[in-house]
Amino acid sequence: MEKTKEPEVTLELALEHGLTEEEYRKILEILGRKPNYTELGIFSVMWSEHCSYKNSIAVLKTLPRTGKSLLVKAGEENAGLVDIGDGLAVAFKIESHNHPSAIEPFQGAATGVGGILRDIFTMGARPIASLDSLRFGPLTNPRNKYLFDHVVQGIAHYGNCVGVPTVAGEVYFEECYTGNPLVNVMTVGIVEHEYIVSATAKGEGNAVMIVGSATGRDGIHGATFASEELTEESEYRRPSVQVGDPFTEKLLLEASLELAKKGFLVGMQDMGAAGISCSTSEMSARGKSGMIIDLSKVPLREPGMTPYEIMLSESQERMLVVVKKGFEEETKKIFNKWGLNCVEIGKVTNTQPLEIYMNGEKVGEIPAWHLVLGGGAPVYTRKTKYPSYIEEIRAFDIDEIPEPEDYNEVLLKLISSPNIADKSWVFRQYDYSVMTNTALPPGYGAGVLRIKGTRKALAVKTDGNGRYTYLNPYRGGAIAVAEAARNVVCTGARPLAITNCLNFGNPYDEEIYYQFKNAVHGMGDACRVFDTPVTGGNVSFYNESPDGPIYPTVVVGMLGLIKDIFHITTPWFKNEGDFIILIGNIKGELGGSEYLKVIHGLVKGDAPSIDLEFERRIHDAVLEAIRKGIVNSAIDISDGGLAIALAEACIKNPSGPMGASVYLSGDARNDELLFSECQSCIVVTVREDNLLEMEKIASKNMVPSTTIGRVKGDRRLRINTLIDIDTAVLLREYTAAIPSMMKGG
Amino acid sequence: MRVGVVIFPGSNCDYDTYYVFKDVLKVDVSFIWHTDSDLRGYDAVILPGGFSYGDYLRAGAIARFSPVMREIVRFAKRGNPVMGICNGFQILLEAELLPGALIPNNGMRFRCEDVYIRVVNNDSIFTRGLDKGRVLKMPIAHYSGNYYADEGTIKSLEDNEQIVFQYCDSAGEVLPEANPNGSILNIAGIVNREGNILGMMPHPERASEKVLGSEDGVEIFKSLMGKV
Amino acid sequence: MVKARIIVRYKPGILDPEGKTIYDALRSLGFEKVEGVETGKYFEITFAGDVDKNKAKELTTDACERLLANPVIQNYSFEIVEGDR
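Since this is a predicted model, take the numbers as computed values, not measurements.

*Asks:* I tried to follow the overall build of chain C on my own but got confused; where do I start?
*Replies:* For chain C, the helix and strand inventory stands at 2 helices and 3 strands. Mapped from its N terminus to its C terminus, chain C presents α and β elements in the order β-α-β-α-β. For a compact globule of 85 residues, the expected C-alpha radius of gyration is about 12 Å, and chain C comes in at 16 Å, more than 25% above that figure. C-alpha atoms of chain C, sized along the principal axes, occupy 50 × 30 × 15 Å. Across chain C, contacts joining residues at least 24 apart in sequence account for 71% of those joining residues at least 6 apart. Distance from the positive charge centre (13 side chains) to the negative charge centre (15 side chains) of chain C: 1 Å.

*Asks:* Please explain the interface of chain C and chain B as it appears in this structure.
*Replies:* Interface extent is often summarised as the accessible area lost during association of the parts. At the interface, 6 residues of chain C touch 5 residues of chain B. Interface area for chain C against chain B, summed over the two sides, is near 520 Å², with a carbon-plus-sulfur share of 83%. Looking only at chain C, the three residues that lose the most surface to chain B are E18(C), T21(C) and L29(C), adding up to 63% of its buried area. Applying the counting criterion to the chain C and chain B interface returns 0 salt bridges. Counting across the interface, chain C meets chain B through 1 residue pair in polar contact (both at pLDDT 80 or more).

*Asks:* I'm lost on the sheet that holds strand β11 (residues 197–200) of chain B in this one. Help?
*Replies:* Picture the strands of a sheet paired through backbone hydrogen bonds; they go either parallel or antiparallel. Residue and element names in this part refer to chain B. Reading across from one edge, β2-β1-β3-β4-β11-β10-β9-β6-β7 is the order of the 9 strands in this open sheet, with mixed pairing throughout. With one partner strand each, in any of the chains shown, β2 (28–33) and β7 (135–142) form the two edges of the open sheet. Shown here is a sheet whose adjacent strand axes are inclined to one another by a mean of 25 degrees, direction ignored. The strands touched by helix α1 (residues 14–24) are β1 (2–7), β2 and β3 (44–47); relative to β2, the strand with the most contacts, the crossing angle is about 160 degrees.

*Asks:* Sorry if this is basic, but what is going on with helix α2 (residues 67–77) of chain B here?
*Replies:* Since there are 3.6 residues in each turn of an α-helix, residues three or four apart along the chain are aligned in direction. All names here are of chain B. Where α2 is concerned, the buried positions are V68, M69, E71, I72, F75 and A76. Along the long axis of α2, the arc covered by the buried residues comes to 160 degrees, so they all point the same way. Counted as exposed and oriented over 90 degrees from the buried face of α2: R70 and K77. Those residues of α2 hidden inside the fold are in contact with β1, β2, β3, β4 (82–85), α3 (87–94) and β11. G79 sits one or two positions beyond α2 and adopts a positive phi of about 95 degrees.

*Asks:* Would you mind showing me how to read the packing of aromatic side chains here?
*Replies:* Remark: the centre distance and the inter-plane angle together describe each pair of aromatic rings, the angle taken between the planes. Residues and elements named next belong to chain A. Tallied over the full model, the rule gives 27 aromatic pairs over all chains. Taken together, a centroid distance of 6.4 Å and an interplanar angle of 75 degrees make the contact between Y177 and Y551 edge-to-face. Of the two residues, Y177 is situated in the loop between β4 (166–173) and β5 (182–192) and Y551 in the loop between β19 (548–549) and β20 (553–562); the sequence distance between them amounts to 374 residues. Just as Y177 is buried, Y551 falls in that class too.

*Asks:* Looking at this model, I keep getting lost on the sheet that holds β20(A). Mind explaining?
*Replies:* Residues and elements named next belong to chain A. A sheet is described by the order of its strands in space; here 6 strands give the open sequence β13-β14-β15-β20-β16-β17, paired in mixed fashion. A strand with exactly one partner marks an edge of an open sheet, and here the two such strands are β13 (438–440) and β17 (534–540). For this sheet, the mean inter-axis angle between neighbouring strands, taken without regard to orientation, is 25 degrees. Here 5 bridges tie strand β16 (residues 494–503) to β17, and the two strands are oriented parallel to one another. Looking at the pairing, N500 lines up with G537 of β17. Across the sheet, helix α17 (residues 473–490) lies against β15 (457–463), β16 and β20, angled at about 30 degrees from β20, the strand it touches most.

How each quantity is defined
- Residues numbered from 1 in each chain as written.
- Chains lettered and ligands numbered in written order.
- Predicted model: local features only at pLDDT ≥ 70, side-chain atom pairs only at ≥ 80, totals over all residues.
- Heavy atoms only, no water.
- Helix = DSSP H or I, 4+ residues; strand = E, 2+ residues; numbered from the N terminus.
- Rg over C-alpha atoms; globule rule 2.2 N^0.38 Å.
- Contact = heavy atoms within 4.5 Å.
- Lys, Arg positive; Asp, Glu negative; His and termini not counted.
- Charge placed at Lys NZ, Arg CZ, Asp CG, Glu CD.
- Buried area = accessible area lost by both parts, 1.4 Å probe.
- Salt bridge = Lys/Arg side-chain N within 4 Å of Asp/Glu carboxyl O.
- Polar contact = N/O pair within 3.5 Å; in protein donor to acceptor, adjacent residues only side chain to side chain.
- Pairing = 2+ DSSP bridges.
- Axes fitted to C-alpha atoms, helices over the stretch in contact; angles between N-to-C directions.
- Buried < 20%, exposed > 50% of the residue type's maximum accessible area, 1.4 Å probe, protein only.
- Arc of directions from axis to C-beta.
- Phe/Tyr/Trp six-rings, centres within 6.5 Å; stacked < 30°, edge-to-face > 60°.

What follows is the structure, encoded as structure tokens:
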């Protein structure tokens, strides 16, 4: 084979690879020489924001990352691992695929699902559910519509084929996401303790194997070869978008789980970003080992690939596996049975460097530890500046806006606002019932999955209101956790732990870094109070559209545990005559509300206030009542306020809409009473003979409980003299909104 | 009675189906690998749902060439019960064990939701325990579930009472609004003329326990087991 | 009446999972002489009576760029023919 001529490494080339001058100097120092082209490529991807978290890790370290049920510390493995008893653990994580989805929404979203699934099953856990947190610009813009449509189809295509149900999530539409959609995907898996797999390479002489798909030129970054030299070849542009193959993923999943049960498996890691570079260096660094690998053994999809390309390829559906010496053939047998490649490409060594060969020639040597996060990768603390927009946008006086005259009309408008309206257009495209665990399907808040072989169930939910975080980064971060926790509590679950996806603009912008830092602090404080440690997550910076940065969007993925499937609680009103009780306080807090946005066209005010200790007591009270068996339904107040919570409780009954008569009192304005998105509020229904018990539980937990009305069988929702509306009409508007906007492609 | 559940590469309802037989019905059940060619000892075979071979080319088109399919054709021709659910139904059609084809849903979208189906024929081994006209609730989850056949085939299906399930509303009315995918005559499931091969798009294995919202599906398996 | 016959395929180097799976299936059925399978999509567009071949070419290019192909991962090719119906 003809020897590949590689460009000479210079500072300029390093800068083109996205490294800074300081970083380039550090590389020279680490190696004690100039890196070659392949090595430069490896450093550039490993020290990229995506792999090294260099601009976020210092702040992330302030989060609470330990807890009695955590089996690994955040960041130690590919996903968090939480003990749920019965010898079982839950592995879960969320990741963004925003930028790929902006370019090619179908494949971008699909490969996002694939990547997070692999993070879970490489730990030995069988994925049992996925969730999607999505943000788009308004559907009135055809490009946004296209992105929305194709992202949803991409998720469906991948998740459905692999056979992991998509059970919950949320979708929001805001101007700031035009051209920069957010696609955050979470997967939850279950593993028996004894089969937990670590992403570690250790034991001298153990075999390093690459399994799954062949390696192509997909997604190679920084491939800005000294461009003037490329004429003929530059036509052959390296594709930056990967195509997902869910069929291969399914085979890989089954083969990996079969392997996970074998005692000879040492470690396993997904090849995501930075492909072979990342998996070899991270696995080595974790095991304080080195590796010798031979790239000529890697199965390739295309001829003539260079070491640089092979090391940096991001071809999907591949993994790196380390097995004990002597078990190479047994490992191959497993993967071959599933029709997959499995090739030994090297050995683990006791010395530190990662040595890379191709066709008998050494093409790179780097001490693995220096490449990775937590090792030698750079760590920066960026400057912050109080954002100039905040003062102006928070200066908001409710008296500036007129009170509506017709509240029925307001309610109809709100319930058909895409942020509130029925999302079944989305989740009907997802297989949410495969694996036969789904006890509460999408559309009712948290998704609930029973755990076979036990009495337990998991409740899972993602939440994150970008508008709140924009108005008040600290509160926005705290509320994201509180709301996700409240949602799982409403199903009867105790919140256990979170994963998070932090979507922000450019971290070098000091105002954006202020948002980031404060949002993380808010999130951390909430996690400490709720005793829900952060098990891991993902940071996505540089989310900017031509019109500016997105709203800072903290997405929290919450895991909750239901002790007994008997406790599973649903949000809809059930029986005529049940008493409707508000646990919590209604305050006049319209800042950042859907009401202000939809009815008055304003994104103003402060995010709703939150007292985290109080919120926790609300959770305790509702959980206690649910476990006593007296709660017939539970729904929290969120987007659209109390009026929308009541409307949803009426119309979500699968056997047809119910009615309710409600009386609210308070010294706030009527629109504030109805539509304030007050935190720490849950609406429950109980039978008359349980009223006293409910009050007792509330007062024991030192939270207010107010009987505000009763469930009716007449299909009318009545609130004071303000609202009197046919709930069948509400249901019609609620379900018709998104399909009618998506009509005609 | 011993039941076999076939695993094709890409099957994803194999374990769900196995679970219902083993843990809900407490029946002797085991998996059959797609390269197996010995069905001795089995009394019934289920082709489960999923995306065999990624549904590439056409759903079921590649799976039908699996070694195990040759054996299943023989097994079925001898009159033994064979049931295809969702992708399994698609494979049975590609293998020409049942007539017709399943084309993409008329909405050109994957569709997952609970539907109601009406028992039109209770004269098969799969429905003998169910009253004619009974309405069952269970999920569908498919992209290509739109049953199509030419007029002559449809007529012979009707004449021979091979239509077993039709999509209907909760009251059992077979209405166009209750048709989730555009199937001719709201067809949700059919049998062969002899009545020992059933193909159906809805997933009875997903409606076999109370915690999942419906136990109607298990009735079909019970019929098959003769446990009625 | 003018028609466009369009084929959209993956660009070289982009993974074609469907093609690969069909290739494997053909090989296992004994088609040893098959060395590769690529999949693509075929479209036929019929234009209004007043569209000539040049205009059809222009419209087809635009349709391919904007909708039928995603230039990030796909190539397209087409021919313009006189329709027979």
